Amino acid sequence: ARLGPARVALDFDRTLATTRAGSEPVYGKHGCDEELLALLWTWRRASLVLTRNRHTRAIREFLERHGAPPGIEVRHVKKGEAKGAALREGLRPGDTALLVDDSIAELVHPSVTGDCGAEAGEVHRVLFVRLL
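The text that follows walks through the structure, step by step, so that each part is easy to find. Counting restarts for each chain, with residues numbered from 1 along the sequence as it is written. Restriction of local features to residues with pLDDT of at least 70 applies here, the model being predicted, together with a cutoff of 80 or more for giving and counting side-chain atom pairs; totals for whole chains, interfaces and linings are based on all residues. Think of the side-chain values as coming from all heavy atoms in the structure, minus any hydrogens and water.

**As for the environment of Ala58**
Within the secondary structure layout, Ala58 lies in helix 2 (residues 56–65). Considering only alpha carbons, one finds Ala58 and Val74, 16 residues apart in sequence, at a separation of 9.8 Å. Contact definition: two residues touch when any of their heavy atoms are within 4.5 Å. Excluding residues that lie within four positions of it along the chain, Ala58 makes contacts with Glu24 and Pro25. Runs of E in the DSSP output that reach at least two residues are strands. Runs of H or I that reach at least four are helices, and both are numbered from the N terminus.

Following this line, the structure appears as structure tokens:
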């Protein structure tokens, strides 16, 4: 809690949930990471899900059934678009953000690292690895 982020963004597939490759989540078949769900509650006013998975309504319902805060924002980022742009949207200079993703490519993209001239905020990045 020392970080005090203005935004906490979590990836969905293979990070927050056990779904893969953009599949629609099914309650009872797919699971959720309890610690990341707790992070959504801790930072509920700053949290959102940034995902390449297009099933945003099903994701929101799935997360709520697993105990996520009601009305959690789930934003679809199309292939070819940068998650960093959505992550940084609305951040002010001096704000910090946290991005948790299972893809190193997402975490080192210039739109996330700030190497693209992005002025608003510093992004702390966490590579999430699920062990079986």
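Let's pick the thread back up.
**Points about the pairing of strand 4 (residues 96–101)**
The element strand 4 is largely enclosed, with a buried count of six among its six residues. Two strands are counted as paired when DSSP detects at least two bridges linking them. Examined bridge by bridge, strand 1 (residues 7–10) and strand 4 share four bridges and lie parallel to one another. What sits directly across from Leu10, in strand 4, is Val100. One ladder, built from six bridges, connects strand 4 with strand 5 (residues 122–127); its direction is parallel. Along strand 5, the bridge assignment pairs Thr96 with Glu122. Between buried and exposed lies partly exposed: a residue is buried under 20% and exposed over 50% of the maximum accessible area for its type, with that area taken using a 1.4 Å probe on protein chains only.

**A closer look at the nonpolar core**
Among buried residues, those of type Ala, Val, Leu, Ile, Met, Phe, Trp, Tyr and Cys that are joined through side-chain atoms within 4.5 Å constitute a nonpolar core. In terms of nonpolar packing, the biggest core is built from 20 residues, with Leu10, Phe12, Leu16 and Leu63 touching the most fellow members. Only strand 1, helix 1 (34–42), helix 2 and strand 4 provide two or more residues apiece to this core. With four residues, helix 1 is the single largest residue contributor to this core. Beyond its immediate sequence surroundings of up to four residues, Leu10 is in contact with Leu16, Leu36, Leu39, Leu40, Leu48, Val49, Leu50 and Val100. The next biggest cluster of nonpolar side chains, apart from the first, holds 12 residues, and it includes Val77, Ala97, Leu99 and Val112.

**A short note on helix 1**
Residues of helix 1 that are buried include every one of Leu36, Leu37, Leu39 and Leu40, and no others. Down the axis of helix 1, the sector holding all buried residues measures 155°, keeping them to one side. Along helix 1, exposed side chains directed more than 90 degrees from the buried face belong to Glu34, Glu35 and Thr42. Its buried side turned inward, helix 1 meets strand 1, strand 2 (47–51), helix 2 and strand 4. In this description, one arc is meant: the one made by directions from the helix axis to the C-beta atoms.

**Focus: the sheet that holds strand 2**
Read from one edge to the other, the open sheet built from five strands follows the order 3-2-1-4-5, with strand pairing classed as parallel. With partners counted over all chains shown, the strands left at the sheet margins are strand 3 (73–76) and strand 5, one partner each. Taken pair by pair, the neighbouring strands of this sheet meet at an average axis angle of 25°, ignoring direction. The axes used here are C-alpha line fits, helices contributing only the stretch in contact, and every angle between their N-to-C directions lies in the interval 0 to 180 degrees. Along the sheet face, helix 2 touches strand 2 and strand 3 and points at about 150° away from the line of strand 3.

**Here's the deal with the packing of aromatic side chains**
Ring pairs are drawn from Phe, Tyr and Trp, using the six-membered ring of Trp, whenever the two centres fall within 6.5 Å, and their geometry is named by plane angle: stacked under 30 degrees, edge-to-face over 60, tilted for the rest. With the rule as written, the count across this model stands at one aromatic pair. Ring geometry for Phe12 against Phe62: centres 5.9 Å apart, planes inclined by 85°, an arrangement best described as edge-to-face. Here Phe12, found in the loop between strand 1 and helix 1, pairs with Phe62, found in helix 2; they are 50 residues apart in sequence, far enough to count as distant. When the NZ atom of lysine or the CZ atom of arginine is within 6 Å of a ring's centre and also within 35 degrees of its normal, the charge is said to sit over that ring. The ring of Tyr27 has Arg65 sitting right over it, with the charged end atom 3.9 Å from the ring centre.

**Quick look at the side chain of Arg7**
In this fold, Arg7 is placed in strand 1. As used throughout, the charge tally considers Lys and Arg to be positive and Asp and Glu to be negative, leaving His and the chain termini uncounted. Note on definitions: salt bridges are taken to be side-chain nitrogens of Lys or Arg within 4 Å of carboxyl oxygens of Asp or Glu. Nearest to the buried, unbridged Arg7 among oppositely charged side chains is Glu73, at 6.4 Å. Polar contacts, as used here, are pairs of N or O atoms within 3.5 Å; protein pairs need one atom able to donate a hydrogen and one able to accept it. Residues neighboring in sequence count only if both atoms are side-chain atoms. Among the polar contacts listed, one links the side chain of Arg7 to the backbone oxygen of Leu87, at a separation of 2.4 Å. Leaving out residues up to four positions away in the same chain, Arg7 has contacts with Ala46, Leu48, Ala86, Leu87, Arg88, Glu89, Leu91, Thr96, Ala97 and Leu98.

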